[in-house]
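# Per-entry structural report
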Amino acid sequence: MRSSKRWTCVIATAVTAPLVAVPGTAEAAGPSRVAAAGPSGVAAKSAYLFDSTAKKYRWSRAADTRRPIASITKVMTAIVVLRSGKLDRKVTVKQKYIDYAVRQGGSMAKLRAGDKLTVRQLLNGLMLPSGCDAAYMLADVYGPGWRGFVAKMNKTAKSLGMTRTKYANFDGLPWPSATSTSSTARDQAKLGHYAMKRADFRSVVARRTYKLKAGGGHHAYSWINTNRLLGSYKGAIGIKTGTTDAAGYSLMFAAKRGKRTLTGIVLNSSTTTEQVRFTDAAKMLNWGFGARTAQILRVPPVPAGANVD
């Protein structure tokens, strides 16, 4: 999808609200009370905000409705790889990884066949430009074979208590069907909280760009993060964008101010305007941080050569 080159401005209204404890289900305080106390103007069909510092639920909408999650799937892909280790071993790019991404029409890290890259380098190609070629390569190597890898993704989800999540592939593209890979806002917020506890994961998703000079058996690469909340929202530290026709423009996000870290997700903020997911996240974060003054979020235009995902 093409992105608008205009800057989008939105006034995010700040409202303070107490933490809501989680005695069994996060919405134990009651749906009407939660909705009334939450941030205004959030467009997403599903959303969830979690205080990762206090380990408390803050606000949600349709938290347990299963939806396709597009490339937010790659958060789990990265976690399975990181948990497996051996990040500095070199692996060789095969033409089939490139052909797959082209055939599926997925976002690409534009890997070159024959290049030898470390897994650590590939993780940047996976998460920043949302490379489906990098995702297939990592799944193939760590499965071994992509089917074995997807089984590991689902096993990891189960171990994390993500009871309403199913991964059908390694990148969130709409196959075998548009909704084969699906999850909920609650499950994905749980995954985001878990992932951001890892320093090796945080270091990747916090990068706005990653450049790799030619040498050591590979071409030069330059990757730009699709998450434009980084650099435009004060305290933003990650995590991952995602979009397909069925999933709409979605975003898993995290921000830190002072000693507090908030983690959240918006699913299907819009099917037409990709900036809305970023302004949705800003509204939720401002409310969660209890900002005392209204803040204008300027979502920058898509950088030249960058993917929109």
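Predicted, not measured: the structure shown is a model, and the values here were computed from it. Per-chain numbering applies: the sequence of each chain, read as written, is numbered from 1 onward. Per-residue local features are limited, in this predicted model, to residues with pLDDT of at least 70; the limit for side-chain atom pairs, both in listing and counting, is 80 or more; totals at the level of whole chains, interfaces and linings are taken over all residues. Side-chain descriptors were evaluated using all non-hydrogen atoms of the structure, hydrogens and water having been removed beforehand.

Before going further, it helps to spend a moment on the overall build of the chain. Looking only at helices and strands, one finds nine helices and 13 strands in the chain. Whether a residue is buried, partly exposed or exposed follows from its accessible area with a 1.4 Å probe, protein chains only, as a fraction of its type maximum: under 20%, in between, or over 50%, in that order. Residues classed as buried in the chain amount to 57% of the 309 residues present. Long-range pairs, those at least 24 residues apart, make up 68% of the contacts in the chain with a sequence separation of at least 6. The Shrake-Rupley method, run with a 1.4 Å probe sphere, supplies the accessible areas, and residue values consider only the shown protein chains as cover. Looking at the chain as shown, the accessible area adds up to about 12,900 Å², and 52% of this sits on carbon and sulfur atoms. Each helix corresponds to a stretch of at least 4 residues labelled H or I by DSSP, and each strand to a stretch of at least 2 residues labelled E; elements are numbered beginning at the N terminus. It only takes one pair of heavy atoms within 4.5 Å for two residues to be counted as in contact.

A word on the pattern of salt bridges. Salt bridge, as used here: a side-chain nitrogen of Lys or Arg that lies within 4 Å of a carboxyl oxygen of Asp or Glu. Applying the stated rule across the entire model yields eight salt bridges. With a shortest N-O distance of 3.3 Å, K96 and D140 are connected by a salt bridge. One end of the pair, K96, is in helix α3 (residues 95–104); the other, D140, is in helix α5 (residues 132–142), with 44 residues separating them in the sequence. The exposure class of K96 is partly exposed, given its relative accessible area of 37%. The partner of R198 in a salt bridge is D200, and the shortest N-O contact between them spans 3.0 Å.

All right, on to the sheet that holds strand β12 (residues 260–270) then. An order of β3-β2-β12-β11-β10 is seen for the five strands of this open sheet, with the pairing classed as antiparallel. This sheet does not close on itself; its edge strands, each paired only once, are β3 (56–61) and β10 (236–242). Strand-to-strand twist across the sheet, computed as the mean angle between neighbouring axes with direction ignored, equals 10°. Following DSSP output, two strands are said to pair if at least two bridges run between them. In this structure, strand β2 (residues 46–51) lies alongside β3, joined through five bridges in antiparallel fashion. In the sheet register, L49 faces β3, and the bridge partner there is W59. Only the stretch in contact is used when fitting a helix axis, every axis being a line fitted to C-alpha atoms; angles between N-to-C directions are given from 0 to 180 degrees. Its contacts with the sheet put helix α7 (residues 185–195) on β2, β10, β11 (249–257) and β12, and the angle it makes with β12 is roughly 140°.

This next bit is on the packing of aromatic side chains. Geometry of aromatic contacts follows a simple scheme: Phe, Tyr and Trp rings, the Trp one being its six-membered ring, pair when their centres are within 6.5 Å, and the pair is stacked under 30 degrees between planes, edge-to-face over 60, tilted otherwise. Within the structure shown, the criterion is met by eleven aromatic pairs. Ring centres 6.2 Å apart and planes at 70° place the aromatic pair W146 and F170 in the edge-to-face group. Of this pair, W146 sits in helix α6 (residues 146–159) while F170 sits in the loop between α6 and β7 (182–183), placing them 24 residues apart in sequence. Residue classification places F170 among the buried residues on the basis of a relative accessible area of 1%. Here the aromatic rings of F170 and W175 are separated by 6.0 Å at their centres, their planes lie at 70°, and the arrangement is edge-to-face. The exposure classification of F170 matches that of W175, with both residues buried. Three or more aromatic residues link up through ring pairs in this structure, and these residues are Y97, Y100, Y136, W146, F170 and W175. Against the face of Y142 rests R89, its NZ or CZ located 4.8 Å from the ring centre. Here, a charge over a ring is recorded when the distance from Lys NZ or Arg CZ to the ring centre is within 6 Å and its angle to the ring normal is within 35 degrees.

This part is about helix α4 (residues 119–127). Working note: α-helix, 3.6 residues per turn, so residues spaced by three or four point in the same direction. The element α4 is extensively covered by neighbouring structure, given that eight of its nine residues are classed as buried. Here α4 has its buried residues at V119, Q121, L122, L123, N124, G125, L126 and M127.

Turning our eyes to something else, we now look at the packing of helix α2 (residues 73–84) against α7. As a packed pair, α2 and α7 sit with axes 11 Å apart at the nearest point and diverge in direction by 40°. It follows from the interaxial angle that α2 and α7 lie oblique. For the pair α2 and α7, the sense of crossing is left-handed. Together, V75, M76, I79 and R83 of α2 and L191, Y194 and A195 of α7 make up the contact between the two elements. For the contact of α2 with α7, a count of residues per class yields six nonpolar, no polar and one charged. Any angle from 65 to 115 degrees is called roughly perpendicular, while one under 35 is roughly parallel, one over 145 is roughly antiparallel, and all others are oblique. The crossing is said to be left-handed when, going from far helix to near helix, the turn is anticlockwise and less than a right angle, and right-handed when the turn is clockwise. Three residue categories are used. Nonpolar comprises Ala, Val, Leu, Ile, Met, Phe, Trp, Tyr, Cys and Pro, charged comprises Asp, Glu, Lys and Arg, and polar comprises the others, including Gly.

To continue, consider the pairing of β10. Counting buried residues along β10, six of its seven residues qualify, which places the element largely inside the surrounding structure. Inspection of the sheet shows β10 paired to β11 by six bridges, in the antiparallel sense. Pairing of K240 across the sheet is with M252, part of β11. Counted between consecutive antiparallel strands, the loop separating β10 from β11 contains six residues, among which G248 sits at a positive phi close to 70°.

No statement about biological role is implied by the geometric values presented.
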